[in-house]
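Spelled out from the first residue to the last, the chains are:
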Amino acid sequence: MNPFNSLTPQSKLLGAVIMVVGIVVSAPHTAFSAGAVVLLVSALAIIAEARIGQMLLRSLVVLPVAGMLSLFYPLRFVAELTPAAFVTAYATYWQPMLALIVTPWLCVLVMMFLMEICTQEDILYAMECLHLPHILVLLLTFMFRYVDVMRYQLRASRRALVSRAPGLSARRQVMLYGNLAGSMLIRAYDQGERIHAAMLSRGYTGILPRLRSERMAVPDAIFLVCTIVFACGLLLYH
Amino acid sequence: MSCSIIYEDVSFTYPNGTDALHQVNLTLRHGEHVALLGPNGAGKSTIMLLSNGILKPNQGRIVVGDLTLTADTLKPIRQRVGLVFQDPDDQLFMTTVHDDIAFGPLNRGLSAGEVEQRVADALEAVSLTHLSAKAPHDLSFGQKKRIALATVLAMQPDFLILDEPSSNLDPRGRRQMMELIRSIPSTVLIATHDLDMAWELLPRTIIIDGGQVVADGPTRELLADEVLMISHGLELPAVVKYS
């Protein structure tokens, strides 16, 4: 039996946030503390019957951005533009560079675990229960709903572009994709207007009504205490 | 509840200056199934949006049942007039089919039990009960169209307005949609270019062109009038053309 099924979405979300805060505050991580986080999340994933491989793979999505930030980090300490100064800066600051990659990766890994044990609707519901700003929940609801519509429209526009302009130069392609992004924005705005009209016609008054009602119970409290203990453990180790 | 809808000298101009409707007079009686025909840009969508109070007439008045459309009557009018948009992706904005159908009834402040019952009834009416937990983007276009209709049926409107319900549907989907519309007891206004559907389903037709009503009468009479149809950017339905 998967014990995570007995938890409410709000405690799952809160638990993940506590873990993320623990990871961020206790940075930079040693191999031991980072390994402990990975082991814990993996163990939880096994208990929750989550897809560990997919979780790990998806968590890598943060690497390009984190890697780039990490790569630029030592440059602020380069006093003069000589090869020796660059080498010294990178050799001196490799640990913070590593931390800039490891910390966000661990946070994303925790969030990927959350996505494995929660549906999109669960997360939106949890956000409402935790009294996050309504506009944020509304925006995320629409993002979840319309990301596929946007993807479909982008693909259709790209096909239309490619079918009428094969063999374009890279420069021209960049310009056309810029135009495409502009037209997508206008289309999204237009569709937003129509969706708003559809919402109004069904009595929308500014609040997204929901049917669910789940209260936190003893298992939620136990789970939250465990995540707090883990986060405190990371801090104490730090 | 009886629900007629009356447009009295209704004119509407969009903020960009487009003159969409000019002194339109119409009466749709309770229980009627009516086709609204006309070329693109004739003013069909404007009439539909005005009926629900999404647009406000610049001139004239709209009466739904015993309520005149004003800012104060907007809420009860929107409860009585259900609008189904042409593109179901405009209509289905929640993350699951169930939540989308529940959206309207919840906005009316119904109890959880009542909302669940309405969701179940609406899904049954469109024969898609098994898709309740699905995300709208996982559905086929035909299924989305039917679910879009279910979202409005769940509100149990007295007056139902559908924009191009059969567009982009395959023959089977179109047939299912037609059967569904036939079974709706409310007053129904359908804006469509599907003349064969109008011929088969809708006893009364209103033709609008250039923002004005140019013809209003029995469907089979108007749709068989080749001169009238051609002169307003329409054509004879296949059932007439090839008979």
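Numbering of residues begins from 1 in every chain and follows the order in which that chain's sequence is written. Each chain is given a letter, starting from A, and each ligand a number, starting from 1, according to the order in which they appear as written. The predicted origin of the model limits local features to residues at a pLDDT of at least 70 and limits the giving and counting of side-chain atom pairs to 80 or more, whereas totals for whole chains, interfaces and linings rest on all residues. With hydrogens and water excluded, all non-hydrogen atoms of the structure serve as input to the side-chain values.

Participant: Provide a residue-level description of the interface of chain B and chain A, including the pertinent values.
Facilitator: The interface of chain B with chain A comprises 30 residues on the first partner and 25 residues on the second. Counting each side, the surface lost to burial between chain B and chain A is near 2,500 Å², with a carbon and sulfur contribution of 61%. Two parts placed together each lose some accessible area under a 1.4 Å probe, and adding up what both lose gives the buried area. When the buried area of chain B at its contact with chain A is split by residue, Asp90, Phe93 and Thr95 of chain B rank highest and sum to 26% of it. Here, a salt bridge means any Lys or Arg side-chain nitrogen found within 4 Å of an Asp or Glu carboxyl oxygen. For the interface between chain B and chain A, the tally reads two salt bridges. Taking the shortest distance from any N to any O, the salt bridge between aspartate 90 of chain B and arginine 194 of chain A comes out at 2.6 Å. Think of a polar contact as two N or O atoms within 3.5 Å of one another; within protein, one of them needs to be a possible hydrogen donor and the other a possible acceptor, and neighboring residues in sequence only count if both atoms come from side chains. Viewed at the interface, chain A and chain B are joined by eight residue pairs in polar contact (both at pLDDT 80 or more). In this text, helices come from DSSP runs of H or I with a minimum length of four residues, and strands from runs of E with a minimum of two, each type numbered from the N-terminal end. Sorting the residues of the side of chain B that touches chain A by element identifies β6 (81–84), α3 (88–91), α4 (97–107) and α5 (112–125) of chain B as the ones contributing at least two each. With eight residues, α4 of chain B is the largest single contributor of residues to the side of chain B that touches chain A. Asp, Glu, Lys and Arg are counted as charged, while Ala, Val, Leu, Ile, Met, Phe, Trp, Tyr, Cys and Pro are counted as nonpolar; the rest, among them Gly, fall into the polar class. For the side of chain B that touches chain A, the class distribution of residues is 14 nonpolar, nine polar and seven charged. Contact between two residues is taken to exist if any of their heavy atoms lie within 4.5 Å; hydrogens are not considered.

Participant: Describe the domain arrangement of chain A, listing the residues and the values that go with them.
Facilitator: All names here are of chain A. What the domain assignment reports for chain A is domain 1 (3–128 + 213–237) and domain 2 (133–201). For the domain bounds, the source is a domain assignment made automatically or taken from a database. The C-alpha-based centres of domain 1 and domain 2 are spaced at 31 Å. Of the residues lining the interface, four residues belong to domain 1; the matching set on domain 2 comes to five residues. Of the roughly 520 Å² buried between domain 1 and domain 2 on both sides combined, carbon and sulfur atoms contribute 83%. Counting the surface domain 1 buries against domain 2, the share from its top three residues, Gln120, Leu124 and Met127, is 78%. Remark: the boundary between domain 1 and domain 2 carries zero salt bridges. Our count for the domain 1 to domain 2 interface comes out at zero residue pairs in polar contact (both at pLDDT 80 or more). Class assignment of the residues belonging to the side of domain 1 that touches domain 2 gives a composition of two nonpolar, one polar and one charged.

Participant: Outline the nonpolar core, listing residues and values.
Facilitator: Core analysis: the largest hydrophobic core is formed by 49 residues, its most contacted members being Ile101, Leu149, Leu160, Ile207 and Leu223 of chain B. Among the elements that take part in this core, helix α6 (residues 141–153) of chain B stands out by supplying six residues, more than any other. With near-sequence residues (within four places) excluded, isoleucine 101 of chain B lies in contact with Val119, Ala122, Leu123, Ala150, Thr151 and Ala154 of chain B. Note on terminology: a nonpolar core comprises buried Ala, Val, Leu, Ile, Met, Phe, Trp, Tyr and Cys residues joined through side-chain atoms within 4.5 Å. With a 1.4 Å probe rolled over the protein chains alone, any residue whose accessible area is under 20% of its type maximum counts as buried; one over 50% counts as exposed, and the rest are partly exposed. Counting 46 residues, the second-largest nonpolar core is a separate cluster that includes Met199 and Tyr204 of chain A together with Leu26 and Val64 of chain B.

Participant: Lay out a nonpolar patch on the surface in plain terms, naming residues and giving numbers.
Facilitator: Residues and elements named next belong to chain A. Nonpolar side chains collect at one region of the surface, where Val17, Val21, Val24, Val25 and Leu235 lie side by side and expose about 390 Å² of accessible area between them. The dominant element in the nonpolar patch, judged by the number of residues it contributes, is helix α1 (residues 9–25), at four residues. Residue position: leucine 235 is located in helix α10 (residues 218–237). Two distance rules govern patches: like charges are joined within 9 Å, and nonpolar side chains (Val, Leu, Ile, Met, Phe, Trp, Tyr) within 5 Å, applied only to residues with over 30% relative accessible area and no salt bridge. All accessible-area figures derive from a Shrake-Rupley calculation using a 1.4 Å probe, and residue coverage is judged against the displayed protein chains alone.

Participant: Break down helix α2 (residues 31–47) of chain A for me, with residues and values.
Facilitator: Residues and elements named next belong to chain A. Helices are assigned an expected span. That span is 1.5 Å times one less than the residue count. The terminal C-alpha atoms of α2 lie 24 Å apart, and with 17 residues this matches the ideal 24 Å at 1.5 Å per residue to within 8%. Those residues of α2 lying buried are Ser33, Ala34, Val37, Val41, Ser42, Leu44 and Ala45. Those residues of α2 that are buried lie in contact with α1, α3 (52–59), α6 (94–117) and α10. Two residues or fewer after α2 comes glutamate 49, characterised by a positive phi angle close to 55°.

Participant: Could you give me a rundown of unusual backbone geometry, with the residues and numbers involved?
Facilitator: Residue and element names in this part refer to chain B. Positive phi outside glycine occurs at serine 127, with the angle close to 55°. Summarising the element assignment, serine 127 is placed in the loop between α5 and α6. Of note, asparagine 168 is a non-glycine position whose phi angle comes to about 65°, a positive value. Checked against the element boundaries, asparagine 168 lands in the loop between β7 (159–163) and α7 (171–182). For asparagine 168, a relative accessible area of 64% corresponds to the exposed category.

Participant: Talk me through the confidence of the model for chain A; I want residue IDs and the actual numbers.
Facilitator: Confidence in the prediction of chain A, expressed as mean pLDDT, is 86, and 99% of residues score 70 or more. Confidence of the predictor in every single residue is expressed as pLDDT, which spans 0 to 100. Per-element mean pLDDT across chain A ranges from 79 in helix α8 (residues 134–164) of chain A up to 93 in α1 of chain A.

Participant: Would you mind going over α1 of chain A in detail, with residue names and values included?
Facilitator: All names here are of chain A. Taking 1.5 Å per residue as the helical rise, α1 with its 17 residues ought to reach 24 Å, and the 24 Å between its terminal C-alpha atoms agrees with that figure. For α1, the complete set of buried residues consists of Pro9, Gln10, Ser11, Lys12, Leu13, Gly15, Ala16, Met19, Val20, Gly22 and Ile23. Residues of α1 that are buried make contact with α2, α6, α7 (120–129) and α10.

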